[in-house]
Amino acid sequence: MATEVQLVWFKRDLRIHDHAPLTEAARRGVVLPLYVVEPELWRQPDASARQWHFVRASLKDLRKALATLGQPLVVRRGDLCEVLAELQQHYTIAAVHAHQETGNGWTYARDRRVAAYLKATGIPWLEYRQHGVVRGLREVVHATRARRAALREQPRSAERGQWLRSLKGFEERLHWHCHFMQKLESEPRFEHENMQRACDGLREAEFDPARFEAWCRGATGFPLVDACMRQLNARGWLNFRMRAMVVAFASYHLWLDWKRTSPFLARQFTDYEVGIHCCQMQMQSGTTGINTLRIYNPVKQSQEQDPAGTFIRQWLPELAHVPDRWLHEPWHMPTSVQRATGCWIGRDYPAPVVDHQQAARHARERFRAIRRDPAAHREADAIQQAHGSRRPAPSRRRRPKPDDHQGRLF
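Residues numbered from 1 in each chain as written. Predicted model: local features only at pLDDT ≥ 70, side-chain atom pairs only at ≥ 80, totals over all residues. Heavy atoms only, no water.

### Observations concerning the environment of alanine 116
Applicable threshold: Here a strand is any run of E in DSSP of at least two residues, a helix any run of H or I of at least four, and the numbering for each starts at the N terminus.
On the secondary structure map, alanine 116 appears in helix H4 (residues 105–121). Between the C-alpha atom of alanine 116 and that of cysteine 81, which follows or precedes it by 35 residues, the distance is 9.6 Å.

### Here's the deal with the sheet that holds strand E1 (residues 3–9)
Our working rule: We treat two strands as partners when DSSP finds at least two bridges between them. Angles here are taken between N-to-C directions and fall from 0 to 180 degrees, while the axes themselves are lines fitted to C-alpha atoms, restricted in helices to the stretch in contact. Residues count as neighbours in contact if any of their non-hydrogen atoms are within 4.5 Å of one another.
If you trace the five strands from one edge of the open sheet to the other, you get E3-E2-E1-E4-E5, paired in parallel fashion. A single partner strand is all that each edge strand has here, and the edge strands are strand E3 (74–77) and strand E5 (125–128). Direction aside, the axes of adjacent strands within the sheet are offset by 30 degrees on average. Alignment of strand E2 (residues 31–37) against E3, held across four bridges, turns out to be parallel. Within the sheet, the bridge partner assigned to valine 37 lies in E3 and is arginine 77. Contacts between helix H3 (residues 80–87) and the sheet are confined to E1, E2, E3 and strand E4 (91–99), with E2 contributing the most and set at about 145 degrees to the helix. Across the face of the sheet, H4 comes into contact with E1, E4 and E5 while running at roughly 140 degrees to E5.

### Observations concerning helix H10 (residues 240–253)
Every α-helix winds through 3.6 residues per turn, so residues three or four apart in the chain are directed the same way. Put simply, the rule is: In this scheme, a helix's expected span is set at 1.5 Å multiplied by one less than its residue total. In this scheme, a residue with accessible area under 20% of its type's maximum is buried, one over 50% is exposed, and one in between is partly exposed, where area comes from a 1.4 Å probe on protein chains only. We define a polar contact as two N or O atoms separated by no more than 3.5 Å, with the added condition that, inside protein, one atom must be a possible hydrogen donor and the other a possible acceptor, whereas residues neighbouring each other in sequence contribute only through side-chain atom pairs.
The terminal C-alpha atoms of H10, which comprises 14 residues, lie 19 Å apart, in line with the 20 Å expected from a rise of 1.5 Å per residue. Among the 14 residues of H10, 14 are classified as buried, and the element is accordingly described as predominantly covered. Where H10 begins, the capping side chain belongs to asparagine 239, and its oxygen is found 3.3 Å from the backbone nitrogen of arginine 241. Looking one or two places after H10, you find tryptophan 255, whose phi comes out positive at around 55 degrees.

Shown next as structure tokens:
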């Protein structure tokens, strides 16, 4: 008689602590921990060898940790449904336990296939939330607001005041808890389409492959941008401020469509999280329709964020001997300084691929035309209602300070 097991399907949650599926499965019976290497997943445009190396190292640690509990991790390669069918030849699977996942379009389709397979074979699939994202959310926000409105019609009392304050706090949490991932969970199209349809066609037809290549390699001629891209390519990480800057520079100054730059960055980021990533890409590219345009001046950012040039010189060794006076705008170096430092602009370090001031003006003009359109206004109001924060839309709130970021994740 086949052994009955509680199958725990590990996806991206490669740990044993704080793991509700593993805990519940162990409470119910014998656990079979499973990870499936899915070749098709790793062929997706947002997947990379860097991410796989990190996963592989995590799998080794997980296997050892599970072994101490009595059953090492079982690793299989192939299609998930086919793997489950193979395991059913050796075990009676009482249930499949897994965390809910807000992934990309491929993992969403995969999960639907798995759900259909398990339903057809009569195996329960128990999914557990591991964050504040609510699957199948139908604007809980609206129900909360309706209840608050009803309470305001009631006579004043201590209890009424308590409920109003509690519901207000609850609504604020709904707005901010896993805010970006919830957007993608609610509208999966955001992975590949502009939030604001009025932005469709804005950049797509004007894509410049040479600018894109220069940006990817860290060879745009703007030192801080290039240093950031080279660190990212080497180490797989940048802080939030620099992530925002390199995306904004690509989107506004180089006029590159975020749908082309997004997969490249996704492959570079070891800490890639699709829901946060695609929403922040759109926010920093101006295609949400509800966020202030943040067009960073690459020279000003360089002067303010790396005034001594420590970071720039670390990642751009060709500029190592350039004096501080010229480091942030090396294209202004006199010929005599270029000769003395051994750094010739256009040979050892590239000249700027664009005039950044002119490019910024062009971007503002293009977006100004969109945001003046009444239809775009109406669309932005609908986006704000469905996906915005509790703050009012940009057109109706205070002028932001230069460093006033909306969101702190990327």
